[in-house]
Amino acid sequence: ISNSSVSVRQRQEHMVELSNGCICCTLREDLLDEVAKIASSDENFDYLLIESTGVSEPMPVVETFTFEDSSGLRLGDIASIDTLVTVVDGSRFLSELDSLESLQSRNWHADPEDQRTISHLLCDQVEFANVIILNKCDLIKTANEKATVKKLIRKMNPNAKLIEAKFSSVEL
């Protein structure tokens, strides 16, 4: 679309999928290589979105920015972390938080030494984020339950921006 005062250009989306491992260990160097390629390309970009699985731990992902590869390159040299977003399933948060079920019982972690529970992972993800999307608000059974979920999230991370959503739809 173009007229005398407005011009809109569509840029092609650039997406790189890294699979068969986790960012904090087996994919760390792959992530560094891909970000370095994007940063050194002729295309300008404002932001880089790194999406990890719902079972990833935030601290090791952040530590990836301090990892130094064999050539001495660090991800933190070419990119910085602006925001860490956690999406919380509001309809299951209380039951999952109360669960003593292990990550291993759901095949959610590759390390056989990891004995953490689902509850531990949820706490890590909520406590570490600076934006929390409380999703599936429409599926929370009562207003009281929703208030309890929000109160717990606020207690766990009082400084995070809390956004309510349905279908993970949020305003930019």
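What counts, and where the lines are drawn
- Residues numbered from 1 in each chain as written.
- Predicted model: local features only at pLDDT ≥ 70, side-chain atom pairs only at ≥ 80, totals over all residues.
- Heavy atoms only, no water.
- Helix = DSSP H or I, 4+ residues; strand = E, 2+ residues; numbered from the N terminus.
- Expected span 1.5 Å × (residues − 1).
- Buried < 20%, exposed > 50% of the residue type's maximum accessible area, 1.4 Å probe, protein only.
- Arc of directions from axis to C-beta.
- Contact = heavy atoms within 4.5 Å.
- Salt bridge = Lys/Arg side-chain N within 4 Å of Asp/Glu carboxyl O.

### Examining helix H6 (residues 143-156)
Right, on to step 1. In a regular helix each residue adds 1.5 Å, so 14 residues correspond to 20 Å; H6 covers 20 Å between its end C-alpha atoms and thus fits that length.
Right, on to step 2. Taken residue by residue, H6 has Glu-145, Val-149, Ile-153 and Met-156 as its buried positions. Burial along H6 is one-sided: seen end-on, the buried residues are contained in an arc of 75 degrees. In H6, the exposed positions angled more than 90 degrees off the buried face are occupied by Ala-143, Asn-144, Lys-151 and Lys-155.
Right, on to step 3. Buried residues along H6 sit in contact with strand S1 (85-89), helix H4 (93-97), helix H5 (118-128), strand S2 (131-135) and strand S3 (161-164).

### Here we look at the pattern of salt bridges
Once the charged atoms of two side chains with opposite charge are near each other, the side chains can pair.
Right, on to step 1. Counted by the stated rule, this structure contains 8 salt bridges.
Right, on to step 2. With a closest N to O distance of 3.5 Å, Arg-116 and Asp-124 form a salt bridge.
Right, on to step 3. Given a relative accessible area of 31%, Asp-124 falls into the partly exposed group.
Right, on to step 4. As a salt-bridge pair, Lys-150 and Glu-164 come within 2.6 Å of each other at their nearest N and O atoms. Residue Lys-150 is located in helix H6, and its partner Glu-164 is located in strand S3; the two are separated by 14 residues in the primary sequence.
Right, on to step 5. For Glu-164, a relative accessible area of 35% corresponds to the partly exposed category.
Right, on to step 6. One connected set of salt bridges, linked through shared partners, spans Arg-92, Glu-96, Glu-101 and Arg-106.

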